[in-house]
Amino acid sequence: MTTSARLFQSSAPCIAPSILSADFSKLGAEIDEVLRAGADLLHLDVMDGHFVPNISFGPPIIASVRKSHPTVFLDAHLMISDPLRYAPAMVKAGADNVTFHVEAVTDPVAAAKEIRKLGCHVGITLNPATPVEMILPVLEHVDVVLVMSVVPGFSGQKFMSQVLGKCETIKKRLRADQRLEIDGGIKVDNIQSAQQAGVDWFVVASAIFDQPDRPAVVRTLRERLGLAVK
Ligand code: DX5
Ligand code: ZN
């Protein structure tokens, strides 16, 4: 079974390290370390300095990660003002899933359909201040729903527990082949509260990469989710 098929066919919870907090001068080694410890996929935060007040990286870095890690599932989170313009380049670079912000497009259903035509999985996400009603009409058209639990732009912010209600509302409406993801402020102490709200994929940047022993954090996160520890 391909990684992609496994992630959407099995309902097992998944740890998705975000490389935003990694040391880019040794990115390959840092990715190896978290994957060996039991990370299930990689979350790639693309920022344009316009939709969010920060600039991160784009297709060249995604292509490098794809080249060095040919089979890992790459989950691209586009925090950019014009996701439809750049989605093809993300997929060409190797993204397996492309998630766009509902706040960034005028017709989210059409955007989801257009991204799906690129041959990748498609996700939708919403900022903490955006009402959940904004994405309900889009749910049937996506594979992944990402609930932001911080204001997007930076790693290392505090988890906003008030979004857990949104998670519960969305989870009830998802099919068995769709995944609910959470992003922002997730760490050992709060990952179970997100799991209880129905989350399947857990994005974690600073709680892993800001620690000296990243494998130990990944293993503890897995333990908290009731997963086997590698
Ligand atoms: C925030 C990004 C997140 C971020 C998470 O704008 O979308 O993926 O890297 O970082 P932590 O886990 O440190 O909150
Ligand atoms: Zn993200």
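### A closer look at the nonpolar core
(1) Moving on: Formed by 66 residues in total, the largest nonpolar core has its most connected members in Val 98, Ile 135, Val 145, Ile 170, Ile 182 and Ile 208.
(2) Moving on: In terms of residue count, helix H4 (residues 83–93) provides more of this core than any other element does, four residues in total.
(3) Moving on: What Ile 170 contacts, discounting residues up to four positions off in sequence, is Val 132, Ile 135, Leu 139, Val 145, Val 147 and Leu 180.
(4) Moving on: With nine residues, the next largest nonpolar core counts Leu 7, Leu 41, Val 144 and Trp 201 among its residues.

### Some details on the pairing of strand S2 (residues 42–47)
(1) Moving on: For S2, the buried fraction is high: six of the six residues fall into the buried class.
(2) Moving on: Summarising the sheet, S2 and strand S3 (residues 74–79) pair through six bridges and their orientation is parallel. Looking across to S3, one finds that Leu 42 is bridged to Leu 74.
(3) Moving on: With helix H3 (residues 59–68) bridging S2 and the parallel S3, this β-α-β connection has right-handed handedness.

### Focus: the site of ligand 1
(1) Moving on: Asp 45, Gly 153, Asp 183, Gly 185 and Ser 206 are the nearest of the 20 residues found near ligand 1.
(2) Moving on: Within the side chain of Ser 155, a nitrogen or oxygen atom sits 3.1 Å from an oxygen atom of ligand 1.
(3) Moving on: Here an oxygen atom of ligand 1 sits 2.5 Å away from a polar atom, N or O, in the side chain of Ser 206.
(4) Moving on: Its free accessible area being 380 Å², ligand 1 has 100% of it covered by the protein chains.
(5) Moving on: Placement of ligand 1 is best described as lying within the largest cavity.
(6) Moving on: Going through the elements one at a time, S2, S3 and strand S8 (201–204) are the ones with two or more residues in the shell around ligand 1.
(7) Moving on: For the shell around ligand 1, the leading source of residues is S2, giving three residues.
(8) Moving on: Here the residues of the shell around ligand 1 are counted per class, giving nine nonpolar, nine polar and two charged.

### Here we look at the layout of surface pockets
(1) Moving on: Taken as a whole, the largest pocket encloses approximately 150 Å³ of empty space.
(2) Moving on: Lining of the largest pocket is provided by Gly 156, Gln 157, Lys 158, Phe 159, Gly 185, Ile 186, Lys 187, Asn 190, Ser 206 and Ala 207.

### Focus: the sheet that holds S3
The strands making up a sheet associate through backbone hydrogen bonding, with each pair oriented either parallel or antiparallel.
(1) Moving on: Read across the sheet, eight strands follow the order S1-S8-S7-S6-S5-S4-S3-S2 without closing on themselves; strand pairing throughout is parallel. With partners counted over all chains shown, the strands left at the sheet margins are strand S1 (14–17) and S2, one partner each. Averaged over all adjacent pairs, the angle separating strand axes in this sheet is 25 degrees, with direction ignored.
(2) Moving on: Pairing analysis gives five bridges linking strand S4 (residues 97–101) to strand S5 (residues 121–126), with the strands arranged parallel. Residue pairing in the sheet places Thr 99 in a bridge with Gly 123 of S5.
(3) Moving on: Relative to the sheet, helix H6 (residues 164–173) contacts S5, strand S6 (144–148) and strand S7 (179–183), its axis offset from that of S7 by approximately 170 degrees.

Here is what the cut-offs are and how they apply
Residues numbered from 1 in each chain as written. Chains lettered and ligands numbered in written order. Predicted model: local features only at pLDDT ≥ 70, side-chain atom pairs only at ≥ 80, totals over all residues. Heavy atoms only, no water. Core = buried A, V, L, I, M, F, W, Y, C linked by side-chain atoms within 4.5 Å. Buried < 20%, exposed > 50% of the residue type's maximum accessible area, 1.4 Å probe, protein only. Helix = DSSP H or I, 4+ residues; strand = E, 2+ residues; numbered from the N terminus. Contact = heavy atoms within 4.5 Å. Pairing = 2+ DSSP bridges. Right-handed = clockwise from strand over helix to strand, strands pointing away. Near = heavy atom within 4 Å. Polar contact = N/O pair within 3.5 Å; in protein donor to acceptor, adjacent residues only side chain to side chain. Areas by Shrake-Rupley, 256 points an atom, 1.4 Å probe, with all protein chains shown as cover. 1 Å grid on protein atoms, 1.4 Å probe; cavity = no way out; pocket = protein on both sides within 12 Å on 5 of 7 lines; lining within 4 Å. Sits in = over half its atoms within 2 Å of the grid points. Nonpolar A, V, L, I, M, F, W, Y, C, P; charged D, E, K, R; others polar. Points joined across faces, edges and corners; volume = space filled by probe spheres on them. Axes fitted to C-alpha atoms, helices over the stretch in contact; angles between N-to-C directions.

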